[in-house]
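# Chains, contacts and geometry: an overview
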Amino acid sequence: MRAISVIVLVLLSALVLVSGLASVTEDVELKQCRDLCRDQKQFDEKQQHVCIQRCEDYAREKKEWGGRGESAETDPERRVRECKHQCEQHKRYGEQEREVCRSQCEKEFREGGGRGKKYYYDVEEEGEEQEVFGEGGEREENPYVFRDEHFLKKAESQHGRVGVLQRFTERSELLKGIENFRIGFLEADPQTFISPAHFDADGVLFVVQGRGTFTMIRENRGRTTTSSRSEIKRHSFNIETGDVIRVHAGTPVYVVNKHESQKLVIIKFIRPVNTPGAFEAFHGPGGDNPESFFRAFSPELLEAAFKVDRESLQRIFQQKEGTIIKASREQIRALTHGEEGGGIWPFGGESSGPFNLLHRRPTHKNNYGQLFEADPNEFEQLDDLDLMISFANITRGGMSGPFYNSKATKIAYVVDGEGYFEMACPHISSARKEGRRGQSTGSSRGSRQGTTYGQVKSRLKRGTVFVVPAGHPVATVASTNNNLQVVCFEVNARDNFKFQLAGKNNVMSKMESQALELGFGVPAKEVEQIFRNQNEEFFFPGPEMHEQRRRGHSAV
């Protein structure tokens, strides 16, 4: 179901912040909210009506509980009360979400010097989760997060589907550095066959779930011959959860889900080789669905090429069932026995075949999570793409980071669980920095100089894609209900380093006391007590788990 991407709560929060200005009346605020609802081009008439109705409901409630007394602009306590009231009134929030919301009110309106930030909430339709993001005084869209509605359907049948994420630069020019990469997925029902095709793109595939057989037709590199004629062979590989497969552009491939009850799910990292950011599948076997590229040729040309009559040609292009086809047990068995090309990997095959990421020793591991990584220095399959692939399994209630990559941009795909991430970003606030410098904050602190940072924060669930550019500090938190599992494709990975900002190997703990004292403007001892207190590394107890433990210690 497509989310209503109008930022209704965003608008409502913005109205609260301006409600104390004498020059702005409630009628003007309500009009602004209505106008923004009408400006959402993706809305149909019904969605616009729902949005406008929420604006009116809010305005009516606001008049009842906040329309009198001291201005919210100059009264932080009132702003906290109003913010918490919104948390309580939000019908789709559970108690955990309300607690987080109330805590954020305290942080932004009381601890933040009574100034506060404006957070934007994507209000989604019933059954959908909500996204929180951004900082700044105007409407913004989160350029770093993608959900189901951002995937384009490439193929779909009753037995499975193939989807590809929209181009990154369609979301924002901030993602121009990764504009030539795409992310896709394949979901295939048990006992199905994915039709042969080749692509004008290089690909790296990660098996999220299931078992199957992956077949490629490629040059027979294992033999040397005095003849200039190149040979091609069929190479088949057994695949399972955690396998990483490299597919070169132009290589014909097909897949079998041989499991009798489990879906096969594969995530794809794609680098087009013709047009930047654009690629196509080319189906040889097919008919009407999928359409065979052979049908683009004239009949007389095909007759000559294949040395057959036209009637015979017309009989073979009959496929109408789609790209993902149900197969019989006998057909599955025949497709998975493996005869040509050295047998079925890993019982025969080559170093360029799949490897299993989850069979490697974790780079980081403790009670709060584990991280598996494979970089281009170790695996020739990733070398020419300058790509690292990693898999993070964050224990429920745990968190990873904060940390940042020195030069790699991370494209992350949530494969299971739920949680959220937070990222410090200079881009979503720098455009408004000059305008805010001249505004009085009501704080005793001096005016800010240089870069300011906005907080990008978003809920995560299965199928969410989020991007973390190089240099951007980020932390990811698993919910207390289940583990959060994320597969990451990190581009520009060669010589990249993860700089940890918390834990026993963090950057700040390596600085001299004088550097810390001069940098933070407080005695070095106070800073060192903060940055040298955490004994874990990379994975830590998350905010909720930490708070529960703190309360437990306090009770004792």
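Residues numbered from 1 in each chain as written. Predicted model: local features only at pLDDT ≥ 70, side-chain atom pairs only at ≥ 80, totals over all residues. Heavy atoms only, no water.

As annotated in an unreviewed UniProt entry, the protein carries the name Cupin type-1 domain-containing protein and is attributed to Linum tenue.

Further remarks concern the overall build of the protein. Secondary structure assignment for the protein yields 15 helices and 29 strands. Each of the 556 residues in the protein was classed as buried or not, and the buried ones make up 48%. Here the analysis covers contacts within the protein between residues at least 6 apart in sequence; of these, 74% occur between residues at least 24 apart. Only carbon and sulfur atoms are counted for the fraction: they give 48% of the accessible area of the protein, which is about 28400 Å². (Helix = DSSP H or I, 4+ residues; strand = E, 2+ residues; numbered from the N terminus. Buried < 20%, exposed > 50% of the residue type's maximum accessible area, 1.4 Å probe, protein only. Contact = heavy atoms within 4.5 Å. Areas by Shrake-Rupley, 256 points an atom, 1.4 Å probe, with all protein chains shown as cover.)

Turning next to helix H14 (residues 524-531). For H14, every residue scored as buried is listed here: Ala524, Val527, Glu528 and Phe531. Projected down its long axis, H14 shows its buried positions confined to an angular sector of 100°, all on one face. For H14, the exposed residues lying more than 90 degrees away from the buried face are Lys525, Gln529 and Ile530. On the buried face of H14, the contacting elements are helix H13 (513-520). (Arc of directions from axis to C-beta.)

This next bit is on the pairing of strand S5 (residues 160-165). The buried count for S5 comes to five of six residues, which makes it a mostly enclosed element. In this sheet, S5 lies alongside strand S4 (residues 151-157) in antiparallel orientation, the contact comprising six bridges. In the strand pairing of S5, Glu156 is matched with Arg161. Counting the residues that bridge the hairpin from S4 to S5 gives two residues. Pairing geometry for S5 and strand S6 (residues 182-188), over five bridges, is antiparallel. Counted as the bridge partner of Gly160 is Ala188 from S6. (Pairing = 2+ DSSP bridges.)

Considering all chains together, one arrives at four cavities of 30 Å³ or more under this definition. Lining the second largest cavity we find 15 residues, and of these Ala392, Ser400, Phe403, Lys410 and Cys488 sit closest to its centre. Elements with a minimum of two residues in the lining of the second largest cavity: strand S20 (387-394), strand S21 (398-405) and strand S27 (484-491). In terms of residue class, the lining of the second largest cavity is built from nine nonpolar, three polar and three charged. (1 Å grid on protein atoms, 1.4 Å probe; cavity = no way out; pocket = protein on both sides within 12 Å on 5 of 7 lines; lining within 4 Å. Points joined across faces, edges and corners; volume = space filled by probe spheres on them. Nonpolar A, V, L, I, M, F, W, Y, C, P; charged D, E, K, R; others polar.)

Another point: the packing of H13 against H14. As a packed pair, H13 and H14 sit with axes 8 Å apart at the nearest point and diverge in direction by 100°. Classified by the interaxial angle, the pair formed by H13 and H14 is roughly perpendicular. Residues Ser513, Leu516, Glu517 and Phe520 of H13 form the contact with H14, whose participating residues are Ala524, Val527, Glu528 and Phe531. By residue class, the composition of the contact of H13 with H14 is five nonpolar, one polar and two charged. (Axes fitted to C-alpha atoms, helices over the stretch in contact; angles between N-to-C directions. Parallel < 35°, antiparallel > 145°, perpendicular 65-115°, else oblique.)

The subject of this paragraph is the pairing of strand S12 (residues 253-257). Judged by how many residues are buried, S12 sits mostly within the fold: five of five residues are covered. Side chains Val253, Val255 and Asn257 project from S12 onto one buried face, and the interleaved Tyr254 and Val256 project onto a second face that is buried too. As paired elements, strand S9 (residues 212-219) and S12 share five bridges and run antiparallel to each other. Bridge pairing in S12 links Met216 to Val253.

A word on the confidence of the model for the protein. On average, the protein scores 80 in pLDDT, and the residues at 70 or more come to 71%. Below a pLDDT of 50 lies the segment residues 112-139, which in the model reaches 118 contacts outside its immediate sequence neighbourhood of four places, other chains included. In the model, residues 339-351 has pLDDT below 50 throughout and makes 28 contacts with residues more than four positions away in sequence or in other chains. (pLDDT = per-residue confidence, 0-100.)

Now for unusual backbone geometry. Omega for the peptide link from Asn289 to Pro290 comes to 0°, which places this bond in the cis form. Tracing the backbone shows Pro290 in the loop between strand S14 (281-282) and helix H7 (299-306). Here the bond from Gly401 into Pro402 is cis, since omega is 10°, no more than 30 degrees from zero. Positionally, Pro402 belongs in strand S21.

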